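Residue-level structural notes
Chain by chain, the residues run as shown.
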Amino acid sequence: MLEIRFIMNSAVEDILSFKTCCGLKMFDQNLEIHLINQDRDPVVVPSYCDLETSEGVRRFDHLLPSGDLRIEPGEIKAFYCSMDETLWNKTGRVIFYDRDGNRYPVVIHRAGG
């Protein structure tokens, strides 16, 4: 099982700016996504997910780091991205996938909702 947590408007942009200091700049990375492997086997997750809104499903394929993340049992890895807040607020569910064809849907709970 893959546990997924979203942190909107995290301080990740400041952290990435510090880590990259004189190199690559990562601006507007306002969404941090933690993926926790609760299974006994490794899981490989590609750098995309689907956002479900009342207007339909939108493939969101610009997560960083790009490519596949291999997550060992008990390990936490993260994706980062620039997320439009209007789109995020319309999103009711996010679905991640693994390379074995499993789906990991997550309902987005809003404060007061």
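Remember, it's a predicted structure, so these values are computed and weren't measured experimentally.

Moving on to the overall build of the chain. Helix and strand counts for the chain stand at two helices and nine strands. Going from the N terminus to the C terminus, the chain shows its helices and strands as β-α-β-β-β-β-β-β-α-β-β. Pairs at least 24 apart in sequence give 61% of the contacts found in the chain among residues at least 6 apart. Summing over all exposed atoms, the chain offers an accessible surface of approximately 6,800 Å²; the carbon and sulfur share of this is 50%.

Counted by the stated rule, this structure contains three aromatic pairs. Judged by centre distance (5.3 Å) and plane angle (55 degrees), the ring pair of Phe6 and Trp88 falls under tilted. Note that Phe6 is positioned in strand 1 (residues 2-8) and Trp88 in helix 2 (residues 85-90), a separation of 82 residues in sequence. With centroids separated by 6.2 Å and ring planes inclined at 10 degrees, the aromatic side chains of Phe79 and Phe96 adopt a geometry described as stacked. You can see Phe79 sitting in strand 7 (residues 76-81) and its partner Phe96 sitting in strand 8 (residues 91-97), a full 17 residues away along the chain.

The next thing to look at is the confidence of the model for the chain. Put simply, the chain has an average pLDDT of 87, and 81% of its residues get 70 or more. For the chain, helix 1 (residues 12-20) is the element with the lowest average pLDDT, namely 49, and strand 3 (residues 43-45) is the one with the highest, namely 98.

Pairing in this open sheet of three strands is antiparallel, and the strands run 1-2-7 from one edge to the other. One side of each edge strand has no neighbouring strand; the edge strands of this open sheet are strand 1 and strand 7. Put simply, the sheet's adjacent strands are angled 20 degrees from each other on average, direction ignored. Bridging between strand 2 (residues 31-37) and strand 7 involves six bridges; their strand directions are antiparallel. Residue pairing in the sheet places Ile36 in a bridge with Ile76 of strand 7.

Scoring rules and cut-offs
Residues numbered from 1 in each chain as written. Predicted model: local features only at pLDDT ≥ 70, side-chain atom pairs only at ≥ 80, totals over all residues. Heavy atoms only, no water. Helix = DSSP H or I, 4+ residues; strand = E, 2+ residues; numbered from the N terminus. Contact = heavy atoms within 4.5 Å. Areas by Shrake-Rupley, 256 points an atom, 1.4 Å probe, with all protein chains shown as cover. Phe/Tyr/Trp six-rings, centres within 6.5 Å; stacked < 30°, edge-to-face > 60°. pLDDT = per-residue confidence, 0-100. Pairing = 2+ DSSP bridges. Axes fitted to C-alpha atoms, helices over the stretch in contact; angles between N-to-C directions.

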